[in-house]
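# Breakdown of the fold
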Amino acid sequence: MNAWGGGALRQCLPENLFELYMQTSRVNVRREAFVMLDDQGRELGIRPHIGPPNDAVRPHTAVNRRTLRQIMAVGLDDVIEFGQTVTGFDSTDDGVRLMLADGSHASGDVLVAADGIKSVIRRQLLPGVPTIDTGRRGLSARALLTDTLIAKLPDALFDGFASAVGPNGARFVFGAYQPRRPIAEAVADLAPGA
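A brief look at the structure comes next. The shown structure was predicted, so the numbers you read here are calculated from the model rather than taken from an experiment.

Conventions we followed
Residues numbered from 1 in each chain as written. Predicted model: local features only at pLDDT ≥ 70, side-chain atom pairs only at ≥ 80, totals over all residues. Heavy atoms only, no water. Helix = DSSP H or I, 4+ residues; strand = E, 2+ residues; numbered from the N terminus. Buried < 20%, exposed > 50% of the residue type's maximum accessible area, 1.4 Å probe, protein only. Contact = heavy atoms within 4.5 Å. Areas by Shrake-Rupley, 256 points an atom, 1.4 Å probe, with all protein chains shown as cover. Lys, Arg positive; Asp, Glu negative; His and termini not counted. Charge placed at Lys NZ, Arg CZ, Asp CG, Glu CD. Pairing = 2+ DSSP bridges. Axes fitted to C-alpha atoms, helices over the stretch in contact; angles between N-to-C directions. Arc of directions from axis to C-beta. Core = buried A, V, L, I, M, F, W, Y, C linked by side-chain atoms within 4.5 Å. Polar contact = N/O pair within 3.5 Å; in protein donor to acceptor, adjacent residues only side chain to side chain.

## Side note on the overall build of the chain
- Scanning the chain from N- to C-terminus turns up 6 helices and 7 strands.
- Shown N-terminal to C-terminal, the secondary structure of the chain runs as helices and strands in the order α-α-β-β-α-β-β-β-α-α-β-β-α.
- Principal axes of the C-alpha set define a box for the chain whose edges measure 55 × 45 × 30 Å.
- For the chain, the proportion of its 194 residues judged to be buried stands at 25%.
- For the chain, long-range pairs separated by at least 24 residues make up 56% of all intrachain contacts whose partners lie at least 6 apart in sequence.
- Looking at the chain as shown, the accessible area adds up to about 13600 Å², and 56% of this sits on carbon and sulfur atoms.
- Taking the average location of the 21 positive side-chain charges in the chain and that of its 22 negative ones, the two points are 9 Å from each other.

## Quick notes on the environment of Lys118
- Residue position: Lys118 is located in the loop between β5 (105-108) and α4 (120-125).
- Taking the relative accessible area as the measure of exposure, Lys118 reaches 70% and is therefore exposed.

## Let's talk about the pairing of β5
- Where strand β4 (residues 95-100) lies against β5, 4 bridges are found, and the strand directions are antiparallel. Bridge pairing in β5 links Arg97 to Ser107.
- Between β4 and β5, which follow one another and run antiparallel, lie 4 residues, and Gly103 among them has a positive phi close to 95°.

## Quick word on the sheet that holds strand β3 (residues 86-92)
- Reading across from one edge, β3-β4-β5 is the order of the 3 strands in this open sheet, with antiparallel pairing throughout. Looking at which strands have only one partner, the edges of the open sheet turn out to be β3 and β5. Across the sheet, the mean angle from the axis of one strand to that of its neighbour is 20°, orientation sign disregarded.

## Structural notes on the side chain of Thr24
- Inspection of the secondary structure puts Thr24 in helix α2 (residues 15-24).
- A relative accessible area of 3% means that Thr24 is categorised as buried.
- With residues up to four places along the chain from it excluded, the contact list for Thr24 reads Thr67, Ile71, Tyr177, Pro179, Ile183 and Ala186.

## A word on helix α6 (residues 183-190)
- For α6, the full list of buried residues reads Ala186, Val187 and Leu190. Seen from one end, α6 has its buried residues packed into an arc of 100°, which puts them on one side. Every exposed residue of α6 that faces more than 90 degrees away from the buried side is listed here: Ala184 and Ala188.
- Summarising the contacts, the buried residues of α6 are in contact with α2.

## Here we look at the sheet that holds strand β6 (residues 160-165)
- The strand order across the open sheet formed by 4 strands is β2-β1-β6-β7, and the pairing between neighbours is mixed. Every interior strand has two partners, whereas the edge strands, β2 (43-48) and β7 (171-175), have only one. Averaged over all pairs of adjacent strands, the angle between strand axes in this sheet comes to 20°, irrespective of strand direction.
- Here 5 bridges tie strand β1 (residues 33-37) to β6, and the two strands are oriented parallel to one another. Bridged to Met36 within β6 is Ser163.

## Comments concerning the nonpolar core
- Of all hydrophobic cores here, the largest spans 13 residues; its most connected members are Leu9, Leu13, Leu17, Phe18, Leu20, Tyr21 and Ile71.
- Among the secondary structure elements, those contributing two or more residues to this core are α2, α3 (65-73) and α6.
- By residue number, the principal contributor to this core is α2, which donates 5 residues.
- If near-sequence neighbours (up to four positions away) are discounted, Phe18 is found in contact with Gly6, Leu9, Arg10, Leu13 and His60.
- Membership of the second largest hydrophobic core comes to 9 residues, among which are Ala33, Leu37, Ala156 and Ala162.

## Some points on the environment of Ser25
- By the secondary structure assignment, Ser25 is in the loop between α2 and β1.
- Assessed through its relative accessible area of 0%, Ser25 is described here as buried.
- Sequence separation between Ser25 and Thr61 is 36 residues; the distance between their C-alpha atoms is 6.0 Å.
- Excluding residues that lie within four positions of it along the chain, Ser25 makes contacts with Thr61, Ala62, Val63, Tyr177, Gln178, Pro179 and Arg180.
- One polar contact links the side chain of Ser25 to the main-chain carbonyl oxygen of Tyr21, over a distance of 2.7 Å.

Quick look at the structure:
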């Protein structure tokens, strides 16, 4: 999360939920950078993060995506609906109308199509733009950051976002996430029941 994203959250979220986002964001890093590593964890180079300067005392840092989604959904139980299949959308004078497979629809101000490469929305919005298989594949995994694991990892993994290139050209990306405050404790204090 850079200062632009954090600033947008400050404008959109109630104060207690913004504070919850800040307290559950990752601890401040030694240096705010994108770090390139070799396959042995040795630093090859860095570049600064993209965006405006961050707050020096309590900067916007990485967030757990699931936690952020849950924070942004607080109070929207009657508006957010999961488990529906989208078949298309129409622009309206008031915003957008989403068509669902069961024949119903949902209306709103903004439509965010974050449903992947096979997005029905992307196909409708950009029908002449084909998707191209690059041959690259991704794999995602998580590991609990225990003291033992932290002691074995290169320090550069705690500088922000890191990427390593293996001897066969495989690329690995890492993001160490240690919240500023335990999530359950922050929720109980700032947004009980969230």
